[in-house]
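Observations on chain architecture
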Amino acid sequence: DAGVIQSPRHEVTEMGQEVTLRCKPISGHDYLFWYRQTMMRGLELLIYFNNNVPIDDSGMPEDRFSAKMPNASFSTLKIQPSEPRDSAVYFCASSLGPGAGEQFFGPGTRLTVL
Amino acid sequence: KNEVEQSPQNLTAQEGEFITINCSYSVGISALHWLQQHPGGGIVSLFMLSSGKKKHGRLIATINIQEKHSSLHITASHPRDSAVYICAVNTDKLIFGTGTRLQVFP
């Protein structure tokens, strides 16, 4: 398996634009997680899915952020409209389970909002 | 107070030294993870443990559930071990520590 795949790897956009980040989890993994990493706050969980259903979105900062998982092999994290404070590295990870599963991280998407 | 505390925040060592990074947590957990993040940014899971001790090569991870404490040890450290080491605890989701930045000099 190729591991968790994220695209794009880098995104530079202007404030107010819509940004869509994509993730393909490892085949067979039932859980998918979106994380954000900043210098100030470190790694933070934004949302996670189990069997394509959002389970906990309490980490999503505000209504400008939304995440979907239309099928077991694809998820998106959308920011609309983007703001400079959204600049961060966004990681996607997948696992066989949250309580007992090792998580496998994608390479991350580095987002810069000007 | 953070639910997961790591110490030290920064650590420098000479090649060959024995290194210990500590993690304390205040919540009930099902497992604890040690992650490694290299300067390029990628995150790799080193260990997942819920009791006792695990060893992989020069890396050893221990956990004491009663004391809510874990340690990551690196024996015979090498410059390629330079990275940020992150402790994370598994409740129903991962809660991360702030990381320990390790630099090993030749």
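Residues numbered from 1 in each chain as written. Chains lettered and ligands numbered in written order. Predicted model: local features only at pLDDT ≥ 70, side-chain atom pairs only at ≥ 80, totals over all residues. Heavy atoms only, no water.

Looking at the overall build of chain B
Rules: Put simply, DSSP marks the helices as runs of H or I at least four residues long and the strands as runs of E at least two long, and each gets a number from the N terminus on. Two things to know: the radius of gyration comes from C-alpha atoms, and the globule rule equals 2.2 Å times the number of residues to the power 0.38. Exposure classes here rest on a 1.4 Å probe applied to the protein chains alone. A residue is buried below 20% of its type maximum, exposed above 50%, and partly exposed in between. Contacts between residues were defined by any pair of non-hydrogen atoms, one from each residue, lying within 4.5 Å. The Shrake-Rupley method, run with a 1.4 Å probe, gives the accessible areas here. Residue values count only the displayed protein chains as cover. Neither His nor the chain termini are counted; the positive set is Lys and Arg, and the negative set is Asp and Glu. A charged residue contributes its charge at one atom only: NZ of Lys, CZ of Arg, CG of Asp or CD of Glu.
A count of helices and strands for chain B gives 0 helices and 11 strands. When the helices and strands of chain B are placed in sequence order, the string is β-β-β-β-β-β-β-β-β-β-β. Expected size for 106 residues packed as a compact globule is a radius of gyration near 13 Å; at 13 Å, chain B falls within 12% of this value. Based on the C-alpha atoms only, the size of chain B along its principal axes is roughly 40 × 25 × 20 Å. Counting all 106 residues of chain B, 45% fall into the buried class. In chain B, once contacts between residues fewer than 6 apart in sequence are set aside, the share between residues at least 24 apart is 53%. Just so you have it, chain B exposes about 5,100 Å², and 50% of that area is on carbon and sulfur atoms. Taking the average location of the 9 positive side-chain charges in chain B and that of its 7 negative ones, the two points are 5 Å from each other.

As for the state of the cysteines
All names here are of chain B. As a reminder of what qualifies: Counting rule for disulfides: a pair of cysteine sulfur atoms within 2.5 Å.
For the structure shown, the criterion picks out 2 disulfides over all chains. Here Cys23 connects covalently by a disulfide to Cys87, the sulfurs 1.9 Å from one another. One quick way to see it: the torsion about the S-S bond of Cys23 and Cys87 is about -60 degrees, and its sign makes the bridge left-handed. Here Cys23 is found in strand β3 (residues 19-25), whereas its partner Cys87 is found in strand β9 (residues 83-90), with 64 residues between them in sequence. By the burial criterion, Cys23 is buried, and Cys87 matches it.

Considering the pattern of salt bridges
Pairing between side chains of opposite charge can happen when their charged atoms approach one another. Residues and elements named next belong to chain A. The cut-off we apply is this: A pairing counts as a salt bridge when a side-chain nitrogen of Lys or Arg comes within 4 Å of a carboxyl oxygen of Asp or Glu.
If you walk through the whole model with that rule in mind, you get 9 salt bridges over all chains. Among the ionic pairs, Glu83 bridges to Arg64, the shortest N-O distance being 3.5 Å. A residue pair is termed long-range when its members are at least 10 positions apart, and Glu83 in the loop between β8 (74-79) and β9 (88-95) and Arg64 in the loop between β6 (53-56) and β7 (65-71) qualify at 19 residues. Across the pair Asp86 and Arg64 runs a salt bridge, and its minimum N-O distance is 2.6 Å. On the criterion of sequence distance, the pair formed by Asp86 in the loop between β8 and β9 and Arg64 in the loop between β6 and β7 is long-range, its members being 22 residues apart. Judged by its relative accessible area of 1%, Asp86 is buried. A cluster of three or more residues bridged by salt bridges with shared partners is formed by Glu62, Arg64, Glu83, Arg85 and Asp86.

Here we look at the interface of chain A and chain B
Inclusion rule: What counts as buried area is the accessible surface, traced by a 1.4 Å probe, that two parts surrender upon association, with contributions from both included. We call two N or O atoms a polar contact when they sit within 3.5 Å, provided that within protein one can donate a hydrogen and the other can accept it, with sequence-adjacent residues counted only if both atoms are side-chain atoms. For this scheme, ten residues count as nonpolar: Ala, Val, Leu, Ile, Met, Phe, Trp, Tyr, Cys and Pro. Four count as charged, namely Asp, Glu, Lys and Arg, and the remainder, Gly too, count as polar.
In this assembly, 15 residues from chain A lie in contact with 15 residues from chain B. Where chain A abuts chain B, roughly 1,400 Å² becomes buried across the two surfaces, and 55% of that area is made up of carbon and sulfur atoms. At the boundary of chain A and chain B, one finds 2 residue pairs in polar contact (both at pLDDT 80 or more). Per-element accounting of the side of chain A that touches chain B gives the leading share, 3 residues, to strand β5 (residues 42-50) of chain A. Looking at the side of chain A that touches chain B residue by residue, the classes come out as 8 nonpolar, 5 polar and 2 charged.

Re the side chain of Glu44(A)
Residue and element names in this part refer to chain A. Counting through the fold element by element, Glu44 comes out in strand β5. Among the polar contacts listed, one links the side chain of Glu44 to the side chain of Arg41, at a separation of 2.6 Å. If we skip the residues at most four places from it in the chain, Glu44 touches Trp34, Tyr35 and Arg36.

Comments concerning the sheet that holds strand β6 (residues 52-56) of chain B
All names here are of chain B. Defined as follows: A pair of strands counts as paired when DSSP detects no fewer than two bridges linking them. Note on definitions: angles span 0 to 180 degrees between N-to-C directions of axes, and those axes are lines fitted to C-alpha atoms, for helices only across the stretch in contact.
Taken in spatial order, the 5 strands of this open sheet run β1-β3-β8-β7-β6, and their pairing is antiparallel. Since the sheet does not close on itself, it has two edges, and those belong to β1 (4-7) and β6, each with one partner. In this sheet, neighbouring strand axes are inclined to one another by 15 degrees on average, regardless of whether the strands run parallel or antiparallel. Alignment of strand β7 (residues 59-64) against strand β8 (residues 69-74), held across 6 bridges, turns out to be antiparallel. Within β8, the position partnered with Asn64 by the bridge is His69.

Considering the confidence of the model for chain B
Here is the rule we go by: Confidence scores here are pLDDT values: one per residue, from the predictor, ranging 0 to 100.
Averaged over chain B, the pLDDT score is 93; the fraction of residues at 70 or greater is 99%. Mean pLDDT values over the elements of chain B span from 88, in strand β10 (residues 94-96) of chain B, up to 98, in β8(B).

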